[in-house]
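Architecture and fold: a report
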Amino acid sequence: MHTTTKALVLRAVDYKESDKVLTVLAQDYGKLTVSARGCRKKGSPIAAACQLLAWSEMVLYDYRGRWSVKEASTERLFPGVRDDLERLALGCYFAEVAETLAVEGVPSPELLALTLNSLHALDRMPDKSPALVKAAFEWRCMCLSGYEPAAGGCAVCGLSPPEEPRFHLREGALHCAGCRWEMGEGISMPLSAAAVAALEHLVHGSPKRLFSFRLDAESLRQLGQAGEAYLHTQLERGFRTLDFYKQLQLGEQTPRPAGVAKE
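First things first, this report covers the structure right here in the doc. These numbers were taken from a predicted model, which means no experiment stands behind them. (Residues numbered from 1 in each chain as written. Predicted model: local features only at pLDDT ≥ 70, side-chain atom pairs only at ≥ 80, totals over all residues. Heavy atoms only, no water.)

Structural notes on unusual backbone geometry
What counts here: A run of H or I in DSSP counts as a helix once it spans at least four residues, and a run of E counts as a strand once it spans at least two, with each numbered from the N terminus. Per-residue accessibility, obtained with a 1.4 Å probe over protein chains only, is compared with the maximum for each type, and a residue is labelled buried under 20%, exposed over 50%, and partly exposed between these values.
The omega torsion across S160 and P161 is -5 degrees, close enough to zero to call that bond cis. Mapping P161 onto the fold places it in the loop between α4 (130-144) and β6 (166-168). Phi at K16 is positive, roughly 55 degrees, even though this residue is not glycine. Assignment of secondary structure puts K16 in the loop between β1 (2-15) and β2 (19-26). You will see that E236, though not glycine, has its phi angle at about 55 degrees, which is positive. The exposure class of E236 is exposed, given its relative accessible area of 71%.

Structural data, given as structure tokens:
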């Protein structure tokens, strides 16, 4: 059986001398494991389309339950992401999260759209900081995966907005600082009023306007840290791509000796 679909390459692993095994998020089929034979050979017509984070049109054929790439052409390679190591690391993190959340063979159009839109923001929206894009991606991912946070007011007393708001990672709910004891065990993280408003936008706003918010540096830090911690708490795992992204950030923050330029 042959089929044509568009797909985003979430993972690419070298196999044998000239092949790759790809994990793709396909428009019509969801997450698929696909063999790309000969794509590492010099002059291969499918090489570019089989790169990590490539959005491509693929002709796939299914033989005894195994998918292989017959033809492929690139639709978009996100050069603004590939040309910047920090943005590339963040894009790979988005891909790893999407791979974790997607189910083999089950279409995930909203997750695919979110991942593509987040890569687009990194690629073509220089006014949106990577930290803002990351926070929006993480919170929206959780919403799409059945972990939508209760962001309408205090989960205990109902006050909206909560007084001295906190976000409980295990319960996935906002609450007032004074209501903390009724939330039970687990970690609660502080959020400013501005961060709470941004969270409500991310949870209930239009996907087309996902990145259309602004925050001061401290509120964005709080929103981002809480979103990352919530994702880790609910999924009960870490991400190696996120670890690499954070290592790059630490490198940027390390003071360089006088006269040493950034490479």
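Considering the environment of T241
Here is the rule: Here, residues are in contact when the closest pair of their heavy atoms is within 4.5 Å. For the purposes of these results, a polar contact is taken to be a pair of N or O atoms within 3.5 Å, where, inside protein, one atom must be able to donate a hydrogen and its partner to accept one; residues adjacent in sequence count only when each atom of the pair is a side-chain atom.
Structurally, T241 can be placed in helix α7 (residues 240-253). Residue classification places T241 among the buried positions, given a relative accessible area of 10%. On a C-alpha basis, the gap between T241 and T33 in space is 20 Å, while along the polypeptide they are 208 residues apart. Residues contacting T241, with those up to four places away along its chain left out, are A89, C92, Y93 and E96. A polar atom in the side chain of T241 sits 2.4 Å from the side chain of E96.

Let's talk about the pairing of strand β3 (residues 30-36)
To keep it simple, the criterion reads: When DSSP finds at least two bridges between two strands, those strands are taken to pair.
Burial analysis of β3 places six of its seven residues in the buried class, the great majority of the element. Of the pairings in the sheet, the one linking β2 to β3 comprises seven bridges and is antiparallel in character. In the strand pairing of β3, L22 is matched with V34. The hairpin turn running from β2 into β3, its antiparallel successor, is three residues long. Pairing of β3 with strand β5 (residues 66-76), which is carried by two bridges, proceeds in the parallel orientation. For V34, the partnering residue across the bridge sits in β5 and is W67.

Thoughts on the environment of R170
Following the sequence through the fold, R170 ends up in the loop between β6 and β7 (173-175). R170 sits 143 residues away from Q27 along the chain, and the two C-alpha atoms are 32 Å apart. Residue contacts for R170: discarding those within four places in its chain leaves M183, G184, E185, T233 and Q234.

Remarks on the environment of L8
Topologically, L8 is positioned in strand β1. When the C-alpha positions of L8 and G186 are compared, they lie 36 Å apart, and in sequence the two are 178 residues distant. Contact partners of L8, with chain neighbours within four places excluded, come to T23, V24, L25, L53, A54, W55, F78, L112, T115, L116 and L119.

On their own, these measurements won't tell you what the molecule is for.
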